[in-house]
Each structure stands twice: as structure tokens, then as C-alpha cells.
Amino acid sequence: MSDDHTHVQEFFTPRAAHWDSRFPDDAPAYATAVAALGLREGDRVLDAGCGTGRALAPLRDAVGASGVVLGADLTPAMLEAAVRAGRDHDGRLLLADVTALPLRSGSLDAVFAAGLVAHLPDPARNLRELARVVRPGGVLALFHPIGRAALAARQGRTITPGDLRAEPNLRPLLAASEWRMTSYVDEDARFLALAARES
């Protein structure tokens, strides 16, 4: 396991049991972000870095009983918290590294990723792996329930010009990873960048 993976697990493992209680009001923001994906009945979608699975219920609602919902996370404790919350009923949980997914190429219609980009060890290569598992024309949502400035303030830091989620940085990063950005919103109440999988 790489140092990056160890660091991610060391960060999230002790926080997993109480993660949802830290963000009790995020459900509407998740539902709105999932709606922006434009999923249809029967679609196949992955929640990449699903954590405690807060997106799984709205994803299941969007794709219906005939759709496929997967949640992949690197940290066992986060998946265990998702099971305790009953979210494994909305999707199949995978203990998996989103930088090397155990999925066939082109097998999905969409990927939803909340708070993931900041934890990717090699963003261009890792976003390319997400592209690999999505069919041409499929969609990607990079989401956070608060915007960059609000998140930085919460963490007691300032935004730097090198922030990967800044639009001038994210657009070319996505383009180099086989995605075309289709919309970008960064406001206090949410961050949401949508992209389409290039053919």
C-alpha cells in the first residue's frame, strides 16, 4: 500500500464512526448534485470514494430498482459506517482503490465523487482511471457540499492559486484525463463540476 493510501486511511479511520454527525445538514446538497448528473432509470453509477455512503440513496432513487449503484472506498471503517447506517441497501459497497478500480472499461454511465480530488495521489492519472470505467458520453460529478472558500475558512486556511479545484486548473486537468468540463459552480453552499467522458 502506498504512503498516499496509508495517509488517507489514517485520516479517515478514526473519523468514520462520527463522520455523518459532523455534517448533518448535507443531504439536500447531495440530492441536488446527484440530480445534476441527469441519471435515468437503469443507469449504472459509481460513488467513487463513497465514505459513509451519503450519496447512495439519491443515486438509487435516480437509477431506480433496475439500475446499478456501486460505492467504492479505500477505508474499511468508512464502509462499516455505511453498513451501520443501512446504506448498503441502496448500493453495493466495494473496498477498493478508486485509482485502480476492479471494473470493466466502459461499464458505467456515471461517476459521482464527493470530496475526492484533494485525496488523489496523481490526479491526472486517477481521473483517467475514472474515465476508463465510464462509457463515452457518460458523466462525472466532482462535488463538495460547500464551496472552496467556505471549506478553506472552515479549515483555517486560505485558497492558493494551485488549488486543483479552481476552474482554470480543473478544466485542463479534466481535459488531460479524457473528460470535457460541461459546467462549474463554486459558491458558498456547494462546489460542483460536471464533465462528460470524451469518445
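So, a few notes on the structure that sits alongside this text. Starting from 1, residues in each chain are numbered consecutively following that chain's sequence as written. Whole-chain, interface and lining totals are the exception, using all residues; otherwise, since this is a predicted model, local features are given only for residues with pLDDT of at least 70 and side-chain atom pairs are given and counted only at 80 or more. Neither water nor hydrogens contribute to the side-chain values; these are computed over all heavy atoms in the structure.

1. Regarding the side chain of H144
The helix and strand labels rest on DSSP assignments: H or I over at least four residues marks a helix, E over at least two residues marks a strand, and numbering proceeds from the N terminus. Along the chain, the position of H144 falls in strand 5 (residues 134-144). Every residue in contact with H144, bar those within four places of it in the chain, is listed here: G115, L151, R165, R190 and F191. Only heavy atoms matter for contacts: two residues are in contact if any of them lie within 4.5 Å across the pair.

2. Observations concerning the environment of L37
With respect to the helices and strands, L37 occurs in the loop between helix 3 (27-36) and strand 1 (44-48). Distance from L37 to V111, taken between C-alpha atoms, is 8.8 Å for residues 74 residues apart in sequence. Leave out the neighbours within four places in its chain, and L37 touches L59, A110, V111, F112, V139, L140 and A141.

3. Comments concerning the pattern of salt bridges
Two side chains bearing opposite charge may form a pair once their charged atoms approach each other closely. We define a salt bridge as a contact between a side-chain nitrogen of Lys or Arg and a carboxyl oxygen of Asp or Glu at a distance within 4 Å. Taken as a whole and assessed by the stated rule, the structure comprises 10 salt bridges. With its nearest N and O atoms 3.0 Å apart, the salt bridge here joins R125 to D122. For E167, the salt bridge is made with R171, and the minimal N-O distance between the two is 2.5 Å. In this pair, E167 and R171 are both assigned in helix 8 (residues 167-175), 4 residues apart and thus about one turn of the helix distant.

4. Some details on the side chain of R165
Within the secondary structure, R165 sits in the loop between helix 7 (148-154) and helix 8. The charged side chain of R165 is buried without a salt bridge, its nearest counter-charge being D163 at 4.1 Å. Apart from residues lying up to four places away in sequence, R165 is in contact with V117, H144, R148, L151, R157, L170, Y184 and F191. Exposed residues in this analysis have more than 50% of their type's maximum accessible area, buried residues have under 20%, and partly exposed residues fall in between, with area computed by a 1.4 Å probe over protein chains only. In this count, Lys and Arg are taken as positive residues and Asp and Glu as negative ones, while His and the chain termini are left out.

5. Focus: the pairing of strand 1
Burial runs high along strand 1: 4 of the 5 residues are buried. For strand 1 and strand 2 (residues 68-73), the ladder comprises 5 bridges, and the chain directions are parallel. The partner of L46 across the bridge, within strand 2, is L70. Crossover handedness is defined here as right-handed if the route from the first strand over the helix to the second strand goes clockwise, with the strands pointing away from the viewer. Once you follow strand 1 into helix 4 (residues 56-63) and on to strand 2, the crossover reads as right-handed. Between any two strands, pairing holds if DSSP finds at least two bridges. Across 3 bridges, strand 1 lies against strand 4 (residues 108-114) in parallel orientation. From the neighbouring strand, D47 faces strand 4, where its bridge partner is F112.

6. Some words on the packing of aromatic side chains
Two aromatic rings, taken as a pair, are described by how far apart their centres are and by the angle between their planes. Paired rings are identified among Phe, Tyr and Trp, the last through its six-membered ring, by centres lying within 6.5 Å, and are further divided according to the angle between planes into stacked (under 30 degrees), edge-to-face (over 60) and tilted (the rest). One pass over the full model with this rule turns up 4 aromatic pairs. Measuring from ring centre to ring centre gives 4.9 Å for Y30 and F143, while their planes differ by 75°; the resulting arrangement is edge-to-face. One end of the pair, Y30, is in helix 3; the other, F143, is in strand 5, with 113 residues separating them in the sequence. Taken individually, Y30 and F143 each receive the classification buried, so the pair is uniform in this respect. Ring geometry for Y184 and F191: centres 5.5 Å apart, planes at 90°, overall edge-to-face. Given a relative accessible area of 2%, F191 falls into the buried group. Here a set of aromatic residues connected by ring pairs shows up, and it is made of Y30, F112 and F143.

7. A few points about the sheet that holds strand 2
Strands sit in the order 3-2-1-4-5-7-6 across an open sheet of 7 strands; the sheet is mixed. The sheet is open, and its two edges are formed by strand 3 (92-95) and strand 6 (179-187), each paired on a single side. Ignoring which end each strand starts from, the neighbouring axes of this sheet average 15° apart. As a rule, the C-alpha atoms of each element are fitted with a line to give its axis, helices using only the stretch in contact, and angles between N-to-C directions run from 0 to 180 degrees. Across the sheet, helix 8 is in contact with strand 5, strand 6 and strand 7 (190-197); its angle to strand 6 comes to roughly 160°.

8. Regarding the pairing of strand 3
Sheet topology note: the strand 2/strand 3 ladder contains 4 bridges and is parallel. Within the sheet, the bridge partner assigned to D73 lies in strand 3 and is L95.

9. Structural notes on helix 6 (residues 123-132)
Residues P123, N126, L127, E129, L130 and A131 constitute the buried set of helix 6. Structurally, helix 6 contributes buried residues whose contacts are with strand 1, strand 4, strand 5, helix 8, strand 6 and strand 7.

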